[in-house]
Amino acid sequence: CPAIAQVLNNPSTSEDVKKTLLGTLNNMTDTDADRRAIFNGITIPVLVKMLGDLNKKIVQYALSTLHSLEYHMPAEVVGPIRLAGGVGKMSEVLVERKASPHNPWSDKFLSLLLNSLEILCIKDNGSKTIFVSKNGLPALVGIIQNCTVQNDPYENLAYTAIRFFCVLSAYCTIKEKIIEEGGMEAASGLYEVPIVFKKHIRLTALWALRNLSDKAADTEGETMVNLLVACLEILNDGTSEDSMKER
């Protein structure tokens, strides 16, 4: 793995070689022993660096590998990924789409990306601040809004998006910014008919609204009215048997 990292770091390495090596690393994430070999091989900085590549496949392989490490080895890899600038690079992948300027990322790729960002931002306000500074909030809110208007939304994307949104909504410093970007309306929109998302998605949206409600009370009256209207719609959306209301 150190040898692979060295080759990937070499400016003269061709795109085809990079894709082959990154594909190999990605395939190695299936077992714990191989994941630890990747981690011990000091590959995290170069994987984060590859997120800035202009080749779509290289970015996809790099993100998939990092996500696998985060998911299976969070205690060991989250810190090093943050230190390598992972939050900033992933935010840029979401917002700028340099490797895919003419076509949006696939729903599956966005799910991996948002889940990776969520893991990095959990209990780390510095990472949340970086995400906001990279203009990530409008992109995230847009994804949630898009999930509410699609005829056949990708359920996993809706869940990863609202879960990451809920993590961000717990940080007092950025609550007003979230509200300004239409975050409360986007979260409450997950309840709108005819789309009915599964309970875990809807419950996460409620937690996010709850997190934001204290700041909504301090803002202009229109925002508070929108929250009250959203809550009333939730209570009257035809799912009165839902156990979430039986409190």
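Figured I'd write up the structure that's included with this text. (Residues numbered from 1 in each chain as written. Predicted model: local features only at pLDDT ≥ 70, side-chain atom pairs only at ≥ 80, totals over all residues. Heavy atoms only, no water.)

1. Topic: the overall build of the protein
So the rule is basically this: Here a strand is any run of E in DSSP of at least two residues, a helix any run of H or I of at least four, and the numbering for each starts at the N terminus. Here's how the labels work: a residue is buried when its accessible area is under 20% of the maximum for its type, exposed when over 50%, partly exposed in between, all with a 1.4 Å probe on protein chains only. Under the convention used here, a 1.4 Å probe and the Shrake-Rupley method define accessible areas, while residue burial counts only the protein chains that appear.
Along its length, the protein carries 15 helices and 0 strands. Within the protein, the proportion of its 247 residues that are buried is 48%. Counting only carbon and sulfur atoms, one obtains 53% of the accessible surface of the protein, whose full area is about 12,000 Å².

2. Describing the packing of aromatic side chains
Here is the rule: For Phe, Tyr and Trp, where Trp contributes only its six-membered ring, two rings pair if their centres lie within 6.5 Å, and the inter-plane angle classes them as stacked under 30 degrees, edge-to-face over 60, or tilted in between. Both a distance and an angle decide whether a charge sits over a ring: NZ of Lys or CZ of Arg must be within 6 Å of the ring centre and within 35 degrees of the ring normal.
Scanning all chains against the criterion turns up 2 aromatic pairs. Look at Trp105 and Phe109: their rings are 4.2 Å apart centre to centre, the planes differ by 25 degrees, and that puts the pair in the stacked class. In this structure Trp105 comes out as buried when scored by relative accessible area, which is 5%. With centroids separated by 4.9 Å and ring planes inclined at 70 degrees, the aromatic side chains of Phe131 and Phe164 adopt a geometry described as edge-to-face. Placement of the pair is Phe131 in helix H9 (residues 125–133) and Phe164 in helix H11 (residues 155–169), with a sequence separation of 33 residues. Residues Phe131 and Phe164 agree in their burial class; the two are buried. The ring of Tyr159 has Arg163 lying over it, and the distance from NZ or CZ to the ring centre is 4.5 Å.

3. A few points about the pattern of salt bridges
If the charged atoms of two oppositely charged side chains come close together, the side chains can form a pair. Basically, it comes down to this: Only one rule defines a salt bridge in this text: a Lys or Arg side-chain nitrogen within 4 Å of an Asp or Glu carboxyl oxygen.
Summed over the entire model, instances satisfying the criterion amount to 10 salt bridges. Residues Asp124 and Arg82 are paired through a salt bridge, measuring 3.8 Å at the closest nitrogen-oxygen approach. Of this pair, Asp124 sits in the loop between helix H8 (107–121) and H9 while Arg82 is found in helix H6 (residues 74–83), placing the two residues 42 residues apart along the sequence. By relative accessible area, Arg82 is classed as partly exposed at 28%. Put simply, Lys134 and Glu92 hold a salt bridge, and the shortest N to O gap is 2.7 Å.

4. Some thoughts on helix H2 (residues 15–27)
Counted only if it meets this: Residue count minus one, scaled by 1.5 Å, sets the expected span of a helix. The contact criterion used throughout is that any non-hydrogen atoms of two residues lie within 4.5 Å.
Over its 13 residues, H2 runs 18 Å from end to end, which matches the ideal 18 Å to within 8%, given 1.5 Å per residue. Where H2 is concerned, the buried positions are Lys18, Leu21, Leu22, Gly23, Leu25 and Asn26. For H2, the elements touching its buried residues are helix H1 (2–9), helix H3 (32–40), helix H4 (44–50) and helix H5 (56–72).

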